[in-house]
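What the coordinates show
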Amino acid sequence: LSTATLTYDSLRYGEIEDFPETSEPVWILGKQFSALTEKDEILADVASRLWLTYRKNFQPIGGTGPTSDTGWGCMLRCGQMILGQALICRHLGRDWTWSPGQRQRAEYISILNAFIDKKDSYYSIHQIAQMGVGEGKSIGQWYGPNTVAQVLKKLAIFDSWSRLAVHVAMDNTVVIEEISEGACAASEEPLEMNGDLEGACALAEEETALWKPLVLLIPLRLGLSDINEAYFEPLKQCFMMPQSLGVIGGKPNSAHYFIGFVGHELIYLDPHTTQPAVDPDEGGQFPDDSYHCQHPPCRMHICELDPSIAAGFFCQTEDDFDDWCAQIRKVLKELKLYRHNIIFHFSLTDFSDSDRLERFFDSEDEEFEILSL
C-alpha cells in the first residue's frame, strides 16, 4: 500500500487529532465559530467543503498519460478545491450545508461533475494537467500556486454555466479597473449545467447582468525561505472576510488547501490521500462521500507555511467587491505600521499610468498594491 492509501485508512479509524478545546474563535472562510459550543457546526461546515484528493484508475490523461495523480497532483487538487468553493458560493451560497446520504440539489451535482476525473469535465485533473502544458508544465509535473491559478483562469472561460470572471493578480498588483472591466463583461454564451440542464433557466435572468461573479486569485510571496511573522495577522484576517475562498500553498512540494485558523494554527484540507476514481451514471449521479472530509480537519502552525501562496476571494456582486476593497484597505493600513519589519511591502496608492509603468520596470520594487487608475 502507498503512504497515501495508509493515510486514508488511518482516517477511517479516527487517528486524526480532534479539534482543540479552546476559547479562541475559530474562523472558517469568513464565518466565526466557538470550539467550545459549536464543534458539531465546525465539523459540518468543514465537511461541506469539497475535498478533492489524489485519485487512481481514471482515464489516461491525454489518452496515453498517467491514470493516477498520486505524488504530483496535490497543488492541482488544491486548485480544484479553492475553485470548488467558488462554485459552491456561486450556485448554492456560502451557508449551504452538505447532507450525506440524501438526494442533492441539481446545482450541487453539476458542481461535482465539473471536477470528475474525466477529460470532458470543466475542471478535471485531465483539463488542468493538459492546460498546464501551455504554462510550461509537462503532464505529471508539480505546480506552484501561480501556475494553477493561471490554468484555472483559462479553464473558467469554457464554463458557460457558472460564467465566472477569474482574475489573477500579477506582479503583486491588484488593479481595480482591470477587475471591474473583466467582471462587467456580460456573457453571451448559452447556459448549460455540468451534466444536468435542470436549473439552467433559473440563471437566464442573469444573462444580461453587468457584473459577472468574480474569483480573485492573488499569488503572494510572504518571505524568502520562511513566512515573515509580520504577515501572520494580515493572513489570518483574510480568512475572516466573508469573501474568503481560502489559501492554496503548504510546504515545499506538498500542497494544502487552507480554509481558516484557530489561534496560530491554520486549518486545512489535505489532498494527499489516494482514492479510487468515481464514475457517474448516465444521470450524473454517484456516491459523493469521498468528496467530503468527514473527520476533524488537519492543522499546522502558521510559521510552518511555505511563503509562496495564493489567496482567493469570491465576489458575487459588485457591492461584494467594493466591500472587499474596503476591508483590504484596512488590512494594508495596519500592515504599514510594521513596514520596518517586513521583507517586501503592501501599499495602497493612487498612480497615474506613467507612474505605474515606471514602477512596473523597477525590478527592486516588490510592493503589493491596489491601484485605482
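Residues numbered from 1 in each chain as written. Predicted model: local features only at pLDDT ≥ 70, side-chain atom pairs only at ≥ 80, totals over all residues. Heavy atoms only, no water.

Short version of the rule: UniProt positions are given in the numbering used here, feature names are shortened, and annotations may be inferred rather than shown by experiment.
The name given to the protein in an unreviewed UniProt entry is Cysteine protease, and the organism recorded there is Cyprinus carpio. Per UniProt, the protein has the following entry under Function (unreviewed entry): "Cysteine protease that plays a key role in autophagy by mediating both proteolytic activation and delipidation of ATG8 family proteins."

1. Describing helix H6 (residues 145–156)
Every α-helix carries 3.6 residues per turn, so stepping three or four residues along brings you back to the same face. Defined as follows: Helix numbers and strand numbers start at the N terminus; a helix is a DSSP run of H or I with at least 4 residues, a strand a run of E with at least 2. Expected span of a helix, by definition, is 1.5 Å for each gap between consecutive residues, and there is one gap fewer than residues. Remark: exposure states derive from per-residue accessible area (1.4 Å probe, protein chains only) relative to the maximum for the residue type, with buried under 20%, exposed over 50%, and partly exposed in between. Residue contacts are counted whenever heavy atoms from the two residues lie within 4.5 Å of one another.
End to end, H6 covers 17 Å across twelve residues, agreeing with the expected 16 Å (1.5 Å per residue, within 8%). Counting buried residues in H6 gives nine out of twelve residues, a clear majority hidden from the surface. Along H6, the positions that sit buried rather than exposed are Pro-145, Thr-147, Val-148, Ala-149, Gln-150, Val-151, Leu-152, Leu-155 and Ala-156. Structurally, H6 contributes buried residues whose contacts are with helix H3 (74–91), helix H5 (125–131), strand E4 (165–168), strand E6 (214–221), strand E7 (244–251) and strand E12 (308–315).

2. Some remarks on the pattern of salt bridges
Which entries qualify depends on this criterion: What makes a salt bridge here is a side-chain nitrogen of Lys or Arg within 4 Å of a carboxyl oxygen of Asp or Glu, nothing more.
A full pass over the atoms with the stated rule returns eleven salt bridges. With a closest N to O distance of 3.2 Å, Lys-31 and Asp-95 form a salt bridge. Here the residue Lys-31 occupies a position in strand E2 (residues 31–34), and Asp-95 occupies one in the loop between H3 and helix H4 (106–113), the gap between them amounting to 64 residues. The exposure class assigned to Asp-95 is exposed, which follows from its relative accessible area of 58%. The salt bridge involving Lys-251 is made with Glu-304; its shortest N-O contact spans 3.4 Å. Of this pair, Lys-251 sits in strand E7 while Glu-304 sits in the loop between strand E11 (298–301) and E12, and the two are 53 residues apart along the sequence.

3. Describing the nonpolar core
Counted only if it meets this: Here, nonpolar core refers to any group of buried Ala, Val, Leu, Ile, Met, Phe, Trp, Tyr and Cys residues whose side-chain atoms link them within 4.5 Å.
Formed by 69 residues in total, the largest nonpolar core has its most connected members in Val-26, Ile-28, Tyr-123 and Tyr-257. Counting residues per element, this core draws most heavily on H3, at eleven residues. Apart from the residues within four sequence positions on either side, Ile-28 is in contact with Phe-33, Ile-42, Asp-45, Val-46, Arg-94, Ile-259, Gly-260 and Ile-267. Judged by nonpolar contacts, the second largest core, of 39 residues, contains Trp-27, Ala-165, Phe-258 and Trp-324.

4. Here's the deal with unusual backbone geometry
Of note in this structure, Leu-29 is not a glycine but carries a positive phi near 45 degrees. The topology assignment puts Leu-29 in the loop between strand E1 (25–28) and E2. Look at Asn-57: it is not a glycine, yet its phi comes out positive at around 65 degrees. Tracing the backbone shows Asn-57 in the loop between strand E3 (55–56) and H3.

5. Things to note about the confidence of the model for the protein
What counts here: Each residue carries a pLDDT score, the predictor's own confidence in it, on a scale running from 0 to 100.
The pLDDT averaged across the protein works out to 82; a share of 78% of its residues lies at or above 70. Across residues 340–367 the pLDDT falls below 50, and counting only partners more than four positions away or on other chains, this stretch makes 59 contacts in the model.

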